[in-house]
Amino acid sequence: MIGNLGLLSLIMVAILSSAVTLVYGFSMTKKYRTSTSTSTAYAVSDTYIRPFTLGSACLSIFSIVLLAVAFYQDDFSILYVAEHSNTQLPVFFKIAAVWAGHEGSLLFWVLTLACWAGVIALQSSLQSDYQIKVLWVMNGLLCAFTWFTLLSSNPFEFNSVLPVEGRDLNPMLQDVGLIFHPPLLYLGYVGFSAVLAFAVAALLTKEIEFEWVNHCRKWSLVAWIFLTAGIVLGSWWAYYELGWGGWWFWDPVENASLLPWLTATALLHCLTIAKEKQQLLKWAFSLAFTTFSLSILGTFIVRSGVLTSVHAFAVDPSKGLILISILCIVFTASFSLLIIRGESFNSKNITHFLSRSFLILLAITLLVVAMLVVLFGTFYPMVYELLGLGNISVGAPYFNLFAVPIGLLVLLLIGFSPLAEKLREKQLSAKVMLPLLAMSTIVGFLLYLSQLQLNQLSQLSDLHWVVQITWIAAAWVFFSHIYALVTDYKETYFMRVVSMSLAHIGMAMFAIGAAMNSHHSLELNKKLEPGSEIQFFDWTLKYIETELYVGSNFTAEKAHLELSKDEESFIITPERRFYQVRVMNMSEPAMKWFWHGDVYITMGEKIDSSAYAFRIQYKSYARWIWVGVLLSVLGGIIALFSRNQVTIVSFISRFKYA
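To keep things clear, this report deals only with the structure shown in the data block. Since the model is a prediction, treat every value here as computed from it, not as a measurement.

**Notes on the packing of aromatic side chains**
Okay, so step 1: Applying the stated rule across the entire model yields 47 aromatic pairs.
Okay, so step 2: Taking the centre distance of 5.1 Å and the plane angle of 55 degrees together, the rings of Tyr239 and Tyr600 count as tilted. Within this pair, whereas Tyr239 is found in helix α8 (residues 212–241), its partner Tyr600 is found in strand β9 (residues 597–606), the two being separated by 361 residues in sequence.
Okay, so step 3: A relative accessible area of 1% means that Tyr239 is categorised as buried.
Okay, so step 4: Between Phe536 and Trp539, the aromatic rings sit 6.2 Å apart at their centres with planes inclined by 20 degrees, giving stacked as the arrangement. You'll find Phe536 and Trp539 in the same group, each marked buried.

**Quick look at the packing of α8 against helix α18 (residues 622–642)**
Okay, so step 1: One way to put it is that α8 packs onto α18 with a least axis distance of 10 Å and a crossing angle of 165 degrees. On the basis of their axis angle, the class for α8 and α18 is roughly antiparallel. In this structure, α8 crosses over α18, and the sense of that crossing is left-handed. Residue-level inspection shows Lys218, Leu221, Val222, Trp224, Ile225, Thr228, Ala229, Val232, Ser235, Trp236 and Tyr239 of α8 in contact with α18, the latter providing Ala622, Arg623, Trp626, Val629, Leu630, Ser632, Val633, Gly636, Ile637, Ala639 and Leu640.
Okay, so step 2: Its residues assigned to classes, the contact of α8 with α18 shows 16 nonpolar, four polar and two charged.

**A short note on unusual backbone geometry**
Okay, so step 1: A positive phi angle, near 60 degrees, is found at Leu280, a position not held by glycine.
Okay, so step 2: Using a relative accessible area of 9% as the deciding quantity, one classes Leu280 as buried.
Okay, so step 3: Despite not being glycine, Val583 has its phi angle at roughly 55 degrees, a positive value.
Okay, so step 4: Take Val583: its relative accessible area is 61%, and that puts it in the exposed class.

**Focus on the pattern of salt bridges**
Okay, so step 1: Taken as a whole, this structure holds nine salt bridges when the rule is applied.
Okay, so step 2: Note that Lys94 is salt-bridged to Asp74, the shortest N-O span being 3.0 Å. Of this pair, Lys94 sits in helix α4 (residues 91–96) while Asp74 sits in the loop between α2 (39–72) and α3 (79–84), and the two are 20 residues apart along the sequence.
Okay, so step 3: Here Arg577 makes a salt bridge to Glu575, at a shortest N to O gap of 2.9 Å.
Okay, so step 4: A relative accessible area of 15% places Arg577 in the buried class.
Okay, so step 5: In the salt-bridge network here, residues are joined through shared partners; they are Lys558, Glu575, Arg577 and Glu588.

**Some details on the sheet that holds β9**
Okay, so step 1: Overall, antiparallel pairing links the four strands, which are arranged β1-β10-β9-β8 in an open sheet. Of all the strands in the sheet, just β1 (522–528) and β8 (590–594) have a single pairing partner and so form its edges. Across the sheet, the axes of successive neighbouring strands diverge by a mean angle of 15 degrees, strand direction being ignored.
Okay, so step 2: By the bridge criterion, eight bridges tie β9 to strand β10 (residues 612–620) in an arrangement that is antiparallel. The partner of Gly597 across the bridge, within β10, is Ser620.
Okay, so step 3: Across the sheet, α18 lies against β8, β9 and β10, angled at about 115 degrees from β9, the strand it touches most.

**Some details on the pairing of strand β3 (residues 539–550)**
Okay, so step 1: Summarising the sheet, strand β2 (residues 533–536) and β3 pair through four bridges and their orientation is antiparallel. Across the sheet, residue Ile534 finds its bridge partner in β3, namely Leu541.
Okay, so step 2: Turn length for the β2-β3 hairpin, with the two strands adjacent in sequence and antiparallel, is two residues, and the turn residue Phe537 shows positive phi of about 55 degrees.
Okay, so step 3: Here β3 runs beside strand β4 (residues 555–565); their pairing, made up of ten bridges, is antiparallel. Looking at the pairing, Thr546 lines up with Ala559 of β4.
Okay, so step 4: Between β3 and β4, which follow one another and run antiparallel, lie four residues.

**Comments concerning the nonpolar core**
Okay, so step 1: One finds Met138, Trp212, Phe285 and Phe289 to be the most contacted residues of the largest nonpolar core, which totals 170 residues.
Okay, so step 2: In terms of residues, this core owes the most to one element, helix α7 (residues 177–204), which gives 17 residues.
Okay, so step 3: Not counting residues within four places of it along the chain, the set of residues in contact with Trp212 comprises Tyr130, Phe198, Ala199, Ala202, Leu271, Ala284 and Phe285.
Okay, so step 4: Formed by 19 residues, the second largest nonpolar core is a distinct cluster that contains Ala559, Leu563, Ile572 and Phe594.

Cut-offs used in this document
Within each chain, residue numbers correspond to sequence positions counted from 1 in written order. Totals for whole chains, interfaces and linings use all residues, but because this is a predicted model, local features are given only for residues with pLDDT of at least 70 and pairs of side-chain atoms are given and counted only at 80 or more. Water and hydrogen atoms play no part in the side-chain values, which are based on all heavy atoms of the structure. Any two of the Phe, Tyr and Trp rings considered here, Trp counted by its six-membered ring, make a pair once their centres fall within 6.5 Å; the pair's planes then place it as stacked at under 30 degrees, edge-to-face at over 60, or tilted in between. The helix count covers DSSP runs of H or I at least four residues long, the strand count covers runs of E at least two residues long, and both are numbered beginning at the N terminus. Only protein chains enter the accessibility calculation, which uses a 1.4 Å probe. A residue is then buried if its area is under 20% of the maximum for its type, exposed if over 50%, and partly exposed in between. Axes here mean lines fitted to C-alpha atoms, for a helix over just the part in contact, with angles spanning 0 to 180 degrees between N-to-C directions. Angular relationships are summarised with four words: roughly parallel below 35 degrees, roughly antiparallel beyond 145, roughly perpendicular across 65 to 115, and oblique for the angles in between. Two helices crossing with the near one rotated counterclockwise from the far one by less than a right angle form a left-handed crossing, whereas a clockwise rotation gives a right-handed crossing. In what follows, residue pairs with any heavy atoms lying within 4.5 Å of each other are defined as contacts. Three categories are distinguished: nonpolar for Ala, Val, Leu, Ile, Met, Phe, Trp, Tyr, Cys and Pro, charged for Asp, Glu, Lys and Arg, and polar for the others, with Gly belonging to the last. Throughout this description, the term salt bridge denotes a Lys or Arg side-chain nitrogen within 4 Å of a carboxyl oxygen of Asp or Glu. One bridge is not enough; two strands pair if DSSP finds at least two bridges between them. Buried residues of nine kinds, namely Ala, Val, Leu, Ile, Met, Phe, Trp, Tyr and Cys, make up a nonpolar core once their side-chain atoms join them within 4.5 Å.

The following block contains the structure:
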């Protein structure tokens, strides 16, 4: 019964979105062919497009709620539930399993697309004809993905037999990260469909209205926040759950999420200039189209069967062909429209090298180059193999070779960005600029040396100069933005400077964490048994005992280790779990974190009657990576809400004179 209702709801979403796509598409074609008045057409379309869009949103919510109920009730008559759940699985993992597999994740994609369209339908600030075109584009995308889900990835498909027990959720996914990471990522991915829809709708209007830039900027910022949060949560999940101790592996699926993030970051900055000065408008259109196309490309990588990965869902090439067809249609149609209408508008020229617009253009170029580097490194091995030329791998050395210089150049530009206009307008003299540069160089250099001395790490890296330059560049970002905050303390745009400073300083903090983690971490593999102890740096690690216990759907061996230094001591408890249903062993690492790094311990195979293999790692500055990105997300949130809120300065002044 639940499966039938869920399937019926999904079919209704497909029918409603198809009706909007075909009927309004036909009416637009007829309008352009006959050149008749459109007021009647808009009045008619307004009577069904908004209700149909809102109906699709409600039905998609109903559909996914029914799938969650099926998981909660252990309804193994539904094949997807039987393959991703078990009666012993904790309830919160049963609910999260809704989007843990291929079919459920696509249903969540449909849900997100329908809900974003529903939010746009409820916006009263949009002009009627423009809003209808935006909703038409959104319904076209919803139609494509809903039919794709129904015909090739139906989450409500019934089992040919009724099993007594389910196959259980993959142990690697049985973590709180599953509850938040995929939804955040999909909200980001699909959020850029709205950006594409606003841009396409602007090109479809007779007189291109530049108000689309304001709408795109808001939606881009929302989607960027979700995408960034999803990526950083996935990075943290991989770090603490998989036992590898790494935060980024240049895995193809990780790269798939990085690609739209790079162009989305470029798009955000491009839209700022487009809004303020009507510059870089064609860049804005191009980045809007490219970002959502890369989101679809990421979905293709995960679901096409072209790779084997811990992230990959499907192994059916036919699904990949459908997705790549949707991608080709979206990419070709949007850019063709831009080429056709490109002569209808012109961007204003950038007139000075010492301008914010020129610096943003340089930053956009670097981000696009970075995207192309990652794109080539990700797909070159796949294409090479598909052409029958053999197997080839492109690993971290290739990506790092390009990522390091591009990242350092971006940091230098970020540090210069709040000062460029002041230099051009002669509000900032060399007497101020040179001390800022000198102070950044000295402070960055001394901070780096102090960390080497504190952690006795000078012998661990042959690339001190890379990390040292990163510290100096990060210090340059910090001091330039602090100077901007102090000098731009004006009520009109103070919160904009605050949000920009938080985002940019967060990226500088991320860069320090990434550089230190890459070049000043240490790993040690040892055989340990209860009663044994080893020296690790200036810490003493002692194996106290092994505890055996039974979890809800697994059995585990837990090691109790004591980490001591001077008069301080901590207990660390890594585990090795065995999941009976899936017949899988999983290591659950444990760590003790400090502000300058983590002691990270993974319990490996049992070697003899009481001894185990342990991997003991020091992950330098690991937490700075995620704290830095979260600071950038906070900056984005402040930028999103500060437009409609009274600024801090205004609030303080009102309170003072009350």
